[in-house]
Amino acid sequence: MIYPRIIAHRGGGALAPENTLAGLRLAARLGCGGVEFDVMLATDGVPLLIHDETLERTTTGRGRVAALDSATLIGLDAGIRHHPAFAGEPVPTLDEALRLCAALGLWANVEIKPAAGQEAETGRVVARHAAAASGGLLLSSFSSIALGAAAGEVARLPRALLVEAIPADWRRRMAETGVCALHAAANALEADALLALRDAGVPLACYTVNRRDEAERLFAMGVSAVFTDRPDLWAAAEM
Ligand code: G3P
Ligand code: MG
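The structure contained in this document is the topic of the report that follows. (Residues numbered from 1 in each chain as written. Chains lettered and ligands numbered in written order. Predicted model: local features only at pLDDT ≥ 70, side-chain atom pairs only at ≥ 80, totals over all residues. Heavy atoms only, no water.)

What follows concerns the coordination of the magnesium ion (ligand 2). Coordination of the magnesium ion (ligand 2) by the protein comes from Glu36 (OE), Asp38 (OD) and Glu111 (OE), over a distance range of 2.0 to 2.1 Å. Sequence spacing among the residues donating to the magnesium ion (ligand 2) works out to E-x1-D-x72-E. Taken as a pair, Glu36 and Asp38 share a single burial class, namely buried. (Donors = N, O, S within 2.8 Å, 3.2 Å for Na, K, Ca; no water. Buried < 20%, exposed > 50% of the residue type's maximum accessible area, 1.4 Å probe, protein only.)

A negative phi angle is the norm for most residues apart from glycine, just as the trans form is the norm for most peptide bonds. Looking along the chain, the bond that leaves Tyr207 and enters Thr208 is cis, with omega of -25 degrees. With respect to the helices and strands, the residue Thr208 is situated in the loop between β8 (204-207) and α8 (212-220). Here Arg10, not a glycine, exhibits a phi torsion of approximately 55 degrees, which is positive. For Arg10, the position within the fold is in the loop between β1 (6-8) and α1 (21-30). Positive phi is not limited to glycine here, since Asn19 has a value of about 55 degrees. The residue Asn19 is located in the loop between β1 and α1 in this model. (Helix = DSSP H or I, 4+ residues; strand = E, 2+ residues; numbered from the N terminus.)

The next subject is the nonpolar core. Core analysis: the biggest nonpolar cluster contains 53 residues, and Leu24, Val35, Phe37, Leu139, Ile166, Leu189 and Leu204 have the highest contact counts within it. Of the residues forming this core, the biggest block, five residues, is contributed by helix α3 (residues 94-104). Look past the residues within four positions of Val35 in its chain and what remains in contact with it is Ile7, Ala8, Gly11, Leu24, Ala27, Cys101, Leu106, Trp107, Ala108 and Asn109. (Core = buried A, V, L, I, M, F, W, Y, C linked by side-chain atoms within 4.5 Å. Contact = heavy atoms within 4.5 Å.)

What follows deals with helix α4 (residues 119-131). Taking 1.5 Å of rise per residue, 13 residues should cover 18 Å, and α4 covers 18 Å from first to last C-alpha, within 8% of that figure. Turning to α4, its buried residues are Thr122, Gly123, Val125, Val126, Ala127 and Ala130. Structurally, α4 contributes buried residues whose contacts are with β2 (34-41), β3 (47-49), α3, β4 (107-112), β5 (137-141) and α5 (144-153). (Expected span 1.5 Å × (residues − 1).)

Attention shifts here to the environment of Ala108. Note that Ala108 resides in strand β4. Each C-alpha atom, one on Ala108 and one on Leu139, is 8.4 Å from the other, the two residues being 31 residues apart in sequence. With near-sequence residues (within four places) excluded, Ala108 lies in contact with Val35, Phe37, Leu98, Cys101, Gly136, Leu137 and Leu138.

Both faces of strand β9 (residues 225-228) are covered, namely the face carrying Ala225 and Phe227 and the face carrying Val226 and Thr228. Direction of pairing for β1 relative to β9: parallel, over a ladder of three bridges. Paired with Ile6 across the bridge in β9 is Val226. With α8 bridging β8 and the parallel β9, this β-α-β connection has right-handed handedness. (Pairing = 2+ DSSP bridges. Right-handed = clockwise from strand over helix to strand, strands pointing away.)

Its location among the elements puts Leu139 in strand β5. Each C-alpha atom, one on Leu139 and one on Ile6, is 17 Å from the other, the two residues being 133 residues apart in sequence. Those residues in contact with Leu139 that sit more than four places away from it in its chain are Asn109, Val110, Ile112, Val126, Ala127, Ala130, Ala150, Leu157, Pro158, Arg159 and Ala160.

Below, the discussion takes up the pairing of β8. Neither face of β8 is open: one carries Leu204 and Cys206, the other Ala205 and Tyr207, and all of them are buried. The sheet contact formed by strand β7 (residues 181-185) and β8 spans four bridges and is parallel. Note on β8: the bridge partner recorded for His183 is Ala205. Regarding topology, helix α7 (residues 191-200) serves as the crossover connection from β7 to the parallel β8, and that connection is right-handed.

Turning our attention to the site of ligand 1. In the vicinity of ligand 1, the contacting residues are His9, Arg10, Glu36, Asp38, His51, Glu111, Lys113, Phe142, Leu162 and Tyr207. At 3.1 Å, a side-chain N or O of Asp38 approaches an oxygen atom of ligand 1. Here Lys113 contributes a side-chain N or O atom positioned 2.8 Å from an oxygen atom of ligand 1. When ligand 1 sits alone it has 290 Å² of accessible area, and the protein chains cover 91% of it. Its residues assigned to classes, the shell around ligand 1 shows three nonpolar, two polar and five charged. (Near = heavy atom within 4 Å. Polar contact = N/O pair within 3.5 Å; in protein donor to acceptor, adjacent residues only side chain to side chain. Areas by Shrake-Rupley, 256 points an atom, 1.4 Å probe, with all protein chains shown as cover. Nonpolar A, V, L, I, M, F, W, Y, C, P; charged D, E, K, R; others polar.)

Following this line, the structure appears as structure tokens:
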């Protein structure tokens, strides 16, 4: 698995509203090779970009994402809470986001972010839609159930297991979920685990790294990539 070193977190990082097409366009303009975004299902099964199970923090909607249909969710404003300059920015579908990534040459880390109880269904649906995309991508999830369901649906797509701290039994968890890489919290990283992964040749990407010096320290320790809200800290040629 070859990672872009700098991956814009939640679309385009902190300079644009999270999980929007505006964010993806910004990431491309900054010169990012890759982006990460979160995907959840509407009540009619359409996969959409959103992080929280509820709408209030990032959109003009109210209540639970999984309780509303895709037409309603797409009609919400996902930009104005970030800044009025982004007013009218919609909640994108996964298909729109993957088409835009392919058009912009952005590698995509699609994080499967199931609402509680929808782990398997979300994994299956995301895998089906990702399989139809033309650009490079990787699926990831904190949910082993979602990863297993995605693998069962489309085995050939690369997948990574998301964790906070690297678990002592990472070999077993990776084998169980059939993943090729780990994504872990940078602030929970322990040197022993990192060395063990490096010896085993397991790619590791770390979230969320918003300082250049911290990213450089992680790269020097063998980390393959960082998720960042601040892709603007790097020049295009460095990413
Ligand atoms: O995929 C890395 C990172 O996005 C995981 O945390 O909560 O920002 O989705 P979160
Ligand atoms: Mg995420």
